[in-house]
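Observations on the model geometry
In case you want the letters, here they are:
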Amino acid sequence: MKVVKNVLQMQKIALKHLQNGDEIGLVPTMGALHEGHVSLFLKSKRNDDITIVSMFVNPMQFGPNEDYLKYPRPIEKDLEICEKNHVDYVFVPPANDMFPQGYETFVEVKFLQDVLCGLFRPIHFRGVATVIVKLLNVSYANRAYFGMKDFQQFKIIEKMAKDLNFKTKIIPCPIVRERSGLAISSRNCYLSADEKNASRNIFKILKEALQDFKNKDLNLVKRNAVSKLKKIMNSKIDYAEIVNFNDLLIADKATKKAVFAIAIWIGKTRLLDNIVMIK
Ligand code: PAF
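Residues numbered from 1 in each chain as written. Predicted model: local features only at pLDDT ≥ 70, side-chain atom pairs only at ≥ 80, totals over all residues. Heavy atoms only, no water.

**Topic: the site of the ligand**
Close to the ligand lie P28, T29, M30, Q61, V128, V131, I132, D150 and Q153, which account for all nearby residues. Here an oxygen atom of the ligand sits 2.6 Å away from a polar atom, N or O, in the side chain of Q61. Taking Q153, its side chain carries an N or O atom lying 2.7 Å from an oxygen atom of the ligand. For the ligand, whose accessible area on its own is 290 Å², the fraction buried by protein is 89%. Listing elements by their share of the shell around the ligand, those giving two or more residues are β2 (24-29) and α6 (124-139). Here the shell around the ligand takes three residues from α6, the largest share from any one element. (Near = heavy atom within 4 Å. Polar contact = N/O pair within 3.5 Å; in protein donor to acceptor, adjacent residues only side chain to side chain. Areas by Shrake-Rupley, 256 points an atom, 1.4 Å probe, with all protein chains shown as cover. Helix = DSSP H or I, 4+ residues; strand = E, 2+ residues; numbered from the N terminus.)

**Digging into the sheet that holds strand β1 (residues 2-4)**
If you walk across this open sheet you meet the six strands as β1-β4-β3-β2-β5-β6, and the pairing is parallel. Edge strands, defined here as strands with exactly one partner in the open sheet, are β1 and β6 (169-173). Across the sheet, the axes of successive neighbouring strands diverge by a mean angle of 25°, strand direction being ignored. Bridge analysis of strand β5 (residues 143-147) against β6 gives five bridges, and the strand direction is parallel. Looking at the pairing, F146 lines up with P172 of β6. Together, β2, β3 (50-55), β4 (89-91) and β5 form the strand contacts of α6, whose direction differs from that of β2 by roughly 150°. (Pairing = 2+ DSSP bridges. Axes fitted to C-alpha atoms, helices over the stretch in contact; angles between N-to-C directions. Contact = heavy atoms within 4.5 Å.)

**Re the pairing of strand β9 (residues 269-278)**
Burial analysis of β9 places eight of its ten residues in the buried class, the great majority of the element. Relative to β9, strand β8 (residues 257-266) runs antiparallel, the two being bridged by ten bridges. In the sheet register, A258 faces β9, and the bridge partner there is M277. Hairpin connection, β8 to β9: the antiparallel pair is bridged by two residues, and G267 has positive phi, about 60°. (Buried < 20%, exposed > 50% of the residue type's maximum accessible area, 1.4 Å probe, protein only.)

**A word on the sheet that holds β9**
To summarise the sheet geometry, strands pair through backbone hydrogen bonds and adopt either a parallel or an antiparallel arrangement. As summarised here, the arrangement of the three strands in space is β7-β8-β9, forming an open sheet in which the pairing is antiparallel. The strands lining the two open edges of the sheet, one partner per strand, are β7 (235-244) and β9. Taken over all neighbouring pairs, the strand axes of this sheet differ in orientation by 15° on average, direction set aside. Along the sheet, helix α9 (residues 201-213) contacts β8 and β9; its crossing angle with β9, the most-contacted strand, is approximately 25°. This element, helix α10 (residues 218-230), spans β7 and β8 of the sheet and lies at about 160° to β7.

**Brief notes about the pattern of salt bridges**
Tallied over the entire structure, the rule returns 16 salt bridges. Between R270 and D238 there is a salt bridge, with the nearest N and O atoms lying 2.7 Å from each other. Taken together, the residues span a long stretch of sequence, with R270 in strand β9 and D238 in strand β7 at a distance of 32 residues. In the salt-bridge network here, residues are joined through shared partners; they are E23, D48 and R143. (Salt bridge = Lys/Arg side-chain N within 4 Å of Asp/Glu carboxyl O.)

**Focus: helix α7 (residues 151-163)**
Taking 1.5 Å per residue as the helical rise, α7 with its 13 residues ought to reach 18 Å, and the 18 Å between its terminal C-alpha atoms agrees with that figure. Buried residues of α7: F151, Q152, Q153, F154, K155, I156, I157, M160 and A161, and no others. (Expected span 1.5 Å × (residues − 1).)

**Remarks on unusual backbone geometry**
The phi dihedral of F111 is positive, around 65°, even though this residue is not glycine. Following the sequence through the fold, F111 ends up in the loop between α4 (95-98) and α5 (117-120).

**Here's the deal with the side chain of T130**
Checked against the element boundaries, T130 lands in helix α6. Setting aside its immediate chain neighbours within four residues, T130 contacts M60, F99, Y103, T105, F106 and V107.

**Brief notes about the packing of α9 against α10**
Closest axis-to-axis distance for the α9/α10 pair is 10 Å, and the angle between their directions is 160°. Taken together, the axes of α9 and α10 are roughly antiparallel relative to one another. When you trace α9 past α10, the crossing you get is right-handed. Of the residues in α10, those touching α9 at I202, I205, E208, A209, D212 and F213 are L218, V221, N224, A225, K228 and L229. Of the residues contributing to the contact of α9 with α10, the split by class is eight nonpolar, one polar and three charged. (Parallel < 35°, antiparallel > 145°, perpendicular 65-115°, else oblique. Left-handed = near helix turned anticlockwise from the far one by under 90°. Nonpolar A, V, L, I, M, F, W, Y, C, P; charged D, E, K, R; others polar.)

**Some thoughts on the nonpolar core**
Counting 49 residues, the largest nonpolar core has M10, I52, F91, M98, I132 and M160 as its most contacted members. When sequence neighbours within four positions are dropped, the list of residues in contact with F91 reads V4, N6, V7, M10, I52, V53, S54, M55, M98, L135 and V138. Residues L218, A225, I232 and A240 belong to the second largest nonpolar core, which totals 26 residues. (Core = buried A, V, L, I, M, F, W, Y, C linked by side-chain atoms within 4.5 Å.)

**Re the packing of aromatic side chains**
Taken as a whole and judged by the stated rule, the model has seven aromatic pairs. With 6.2 Å between their ring centres and 45° between their planes, F56 and F99 make a pair best called tilted. Placement of the pair is F56 in the loop between β3 and α3 (75-84) and F99 in the loop between α4 and α5, with a sequence separation of 43 residues. Exposure class is identical for F56 and F99. Each is buried. Note on Y103 and F106: the rings are 5.9 Å apart at their centroids and 90° apart in plane angle, and the pair reads as edge-to-face. Ring pairs connect the aromatic residues F56, F99, Y103 and F106, which therefore count as one cluster. The lysine or arginine in question, R126, covers the ring of F106, its NZ or CZ lying 4.0 Å from the ring centre. Above the face of the F213 ring, K279 is positioned so that its terminal group lies 5.2 Å from the ring centre. (Phe/Tyr/Trp six-rings, centres within 6.5 Å; stacked < 30°, edge-to-face > 60°. Lys NZ or Arg CZ within 6 Å of the ring centre and 35° of its normal.)

Below, the structure written as structure tokens:
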């Protein structure tokens, strides 16, 4: 495994692999790796000749009062995880190499970026889309892997790749959960033991909503779920919405495939989760 800390060097290495006919897989991460990330590495290992994992806490996707400085950066442990899973390259660029002084170019995916999380984190998806374009250009990836816990992020990147005719295939990967049902996230480390215990109810509530989806009015499904979410210890809901799977518009009677997407604070930790609902 090679650790690459420089943008041009990474691009040169990736280009060489491309010219040798290797298929390249990119797993973009912000580090603080967990089983969810490992599932993406393993998928790339199965599909691609070369797996590149980027670990970059992207300043562009954090708002002014968010956790950019506090975001966990356990670099040694992360490198061990990559090594153990036979990652070929770990790309860890410094922020000033990715976005040097005078950087002026941004990518926006209208509408999809403005709903759900976009209402609470207005610059977030612009930062995500921009860094992903850069990482794809640096890695020459044939495939890039994203976890479905960040469902809106996945839809935005998928749309961007389609609209801009990227050659990279954007691959969705299932949510990985703890045995309790809690979706695994780098931010779970912020939760206290009690909060973690309480957070397991989120998935339980989503599964109950899924049962209701087939028979009940959507407003009722949502109302029932919201009233249960509000009872979780120290919770504050940013949103809990049932939206169409493809365009993220609020689902209605005609919707056949929907996603119930939730962003909820448990104490000082913001958690995302979702469940796909098919009629
Ligand atoms: O999901 C993440 O970890 C980040 O948003 C990503 C995709 C690596 C972009 O910085």
